[in-house]
Structures are given as C-alpha cells and as structure tokens.
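# Structure at a glance
Single-letter residue listing:
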Amino acid sequence: MRKPVIHDQDGHADDLVATLLLALYPAVDLRAVVVNSGDCIPQVSAAVLAALLDRLGKGAVPVAWQHHALPHPFPTAWQRESLNYLRAFPEAERYYPAAAGTRLLTETILAAGEPVTLLVTGPCTNLAAALRAAPEIARHLERVVLMAGGLEAGGNVAGEQDHDGSAEWNLYCDPPAAAYCLQAGLALDFVSLDVTNFVPMTARFVETLRSRGGACRLAAELLAGVEQQNYFFWDTLAALLTCEPDFLPRGRRTLTVRTDPPAAGRLEKTASGVPARVFEPDADVESLGARVEVRVAEILS
Ligand code: AGV
Ligand code: CA
C-alpha cells in the first residue's frame, strides 16, 4: 500500500530535490505538488519541477503554482535562484503549470478518498488559504510535516528590519498564516533547524550526486544553482522524514508561533501552546549529515 502524499513547497533547490525524493520513494504515491510564492519565482520553479518529473516518468503528477503576498518576502537574490534552475533545464520553458495551487491542494485532498499526508516546506500561507477556503480538508489530513522553526537552535533570519533573528524563515515570512495553521487541529510534525542544522550541503556531496547519474544528477544540477555558503538540506531532510519517520526520534511539545515584533515567526515551547511532535537529533548526531547523504543518494539512484 502506497501512502498518498502532497507536497506544498516554495521552489528553492532543496524543495525541488525534496519533491524528487517523494516522487521516487517506492512507498509514496505523490498526488500533487504546489509551488508557492516564497523562496522562488513560483511559475519558474513550478515549470522546472514539471519538466523534471516528466524526465523521471512522473509527468502525470499535477503541478501548480500559486501567488501569495507575504508580510515578509524572502530576499530577492534567493528568489531569483529559480532562474539558475531554468538555465540548467531550459526545456522547462515548454511547461506551463496552472496558476491554481490552492485549489489543487484542496481538491486533491478531498478527492483522495483516504487520509493524506501533507509535506509543507515553505510559508504556511497556502495551507492557511486552503484551510480558510475548505476547512473540511483538516479532517482528511492524517499528518502534516512542516519544515519550520527552531527551538534550541534559534532562528536563521538575519539582518531583517525590526527582527531579532530568533525565527526560521518559513515562519517569519508569514507569521499569522503559521499561527493559523498551528491552531487548526492538525497532527503536526516539525522538522526544525534543531535537526536540519546537522545536514549542511557540501560541495563534496553535490559532486557525489553528479557522479551517480539519474535523478542524483538532476539534484546536483539544481543544487549547483544556489549559493552554497550556509545552505542546508532543510526540505530534503523533511521529505526523508515524511517517508521514513523513524529515521529520527520525535518528542512531544506544546508550541506557539509569535506574531509580534521583534520575534515575529519565532516558534516557542509554551505551556498553553498547541500539541505537536518535533523531530530531535539522535544519539549519533555527528554522523547525521553523512547518514542523510547516503539515504538521499540511495533513494534518488
Ligand atoms: O529556512 C529554510 C527554508 C527551507 O524551506 N528556506 C530554504 C529552504 O527551502 C529559506 C532559507 C534560509 N536560508 C536560506 C534560504 C538561504 N541561504 N538560501 C535560500 N533560502
Ligand atoms: Ca523551502
């Protein structure tokens, strides 16, 4: 039995590699992918993704993009890295995914006829919009995995006005949407900076991927399009943990997202917060990066 999974993402290289992983994971039935405003130019990253899925023989997976205005948009330089992926896969010019991503999300969930797992690796904006448009989707979501936040690890927002740096970008870019999703009664699994900080992208691993051919080489081409300094396999780890939740331990927490400056978007443990599970580093955390690299390369091979 393959598990139905939907990916709601924001089109950076690690988001796209995350989708490749879901598409190729044998026990996953990837039902739809939505590429949102966030860390990309959504129509460009969506077209690149559609072209890549087609190359893998998964061209039947529906891909759509969705524009949303964000309270705190991502740096333009990061968004424009979409153009590097397009340069690596110029055939994407011939793909025109639909611009109805919120509708694709709600309709795919309601049409599934069985409980669905949702992976969100960008802003919570699109999920919040879908929940507002069709609140009944919440009942059909068995598990929602979010790459979001940082507890002990703190944040990764730096140099933004009126902000103290304590938030992770996916929550900072739209704190009210994150707070809305948190209170929606979903079964939430957080993949936070507390674990992703242990899986930095290394030039050596990108070369390993390139040399292995197939979908590994596609991933290497995408990753070559980003500024490698301070880049992590944030969303790729979240996709791996969507497929293999026992890869790392999970702890139960009660969580809140701050919406007020200067800590807007900061994820916090609070007694009055919402119950959720948070992936944690395991006993052999020093080898976590290497173990993730091995597993990702295996799945993409
Ligand atoms: O905060 C991590 C999120 C992930 O979903 N994104 C990138 C991943 O897709 C934002 C981000 C943080 N630092 C970045 C980011 C960087 N140096 N380059 C691009 N995006
Ligand atoms: Ca992302």
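The model shown is predicted, which means the values in this text are computed figures rather than measured ones.

With 8 of 9 residues buried, strand β2 (residues 28-36) lies mostly within the body of the structure. Examined bridge by bridge, strand β1 (residues 3-9) and β2 share 7 bridges and lie parallel to one another. The residue of β2 that forms the bridge with Val 5 is Leu 30. With 4 bridges joining them, β2 and strand β3 (residues 63-66) adopt parallel strand pairing.

Attention now goes to the coordination of the calcium ion (ligand 2). Each pair of donors in an ideal octahedron of six around a metal sits at 90 or 180 degrees, and each pair in an ideal tetrahedron of four sits at 109.5 degrees. The calcium ion (ligand 2) binds to the protein through Asp 10 (OD), Asp 15 (OD), Asp 15 (OD), Thr 121 (O) and Asp 235 (OD), with metal-donor distances spanning 2.3 to 2.5 Å. In primary-sequence terms, the residues that donate to the calcium ion (ligand 2) follow D-x4-D-x105-T-x113-D. Of the two residues, Thr 121 is situated in the loop between β4 (116-120) and α6 (125-133) and Asp 235 in helix α13 (residues 234-243); the sequence distance between them amounts to 114 residues. Of the two residues examined, Thr 121 and Asp 235, each falls in the buried class.

Next up on the list: unusual backbone geometry. Across the junction of Pro 261 and Pro 262, the peptide omega takes the value 5°, indicating a cis bond. Position of Pro 262 relative to the elements: it lies in the loop between β7 (250-257) and β8 (267-269). Positive phi, normally seen in glycine, also occurs at Asp 162, with a value near 55°. Tracing the backbone through its elements, the reader meets Asp 162 in the loop between β5 (141-147) and α8 (169-172). On the accessibility criterion, Asp 162 (62% relative accessible area) is exposed. The backbone phi angle of Asn 230 is positive, close to 65°, even though this residue is not glycine. With respect to the helices and strands, Asn 230 occurs in the loop between α12 (214-223) and α13.

Rules used in this analysis
Residues numbered from 1 in each chain as written. Chains lettered and ligands numbered in written order. Predicted model: local features only at pLDDT ≥ 70, side-chain atom pairs only at ≥ 80, totals over all residues. Heavy atoms only, no water. Buried < 20%, exposed > 50% of the residue type's maximum accessible area, 1.4 Å probe, protein only. Helix = DSSP H or I, 4+ residues; strand = E, 2+ residues; numbered from the N terminus. Pairing = 2+ DSSP bridges. Donors = N, O, S within 2.8 Å, 3.2 Å for Na, K, Ca; no water.

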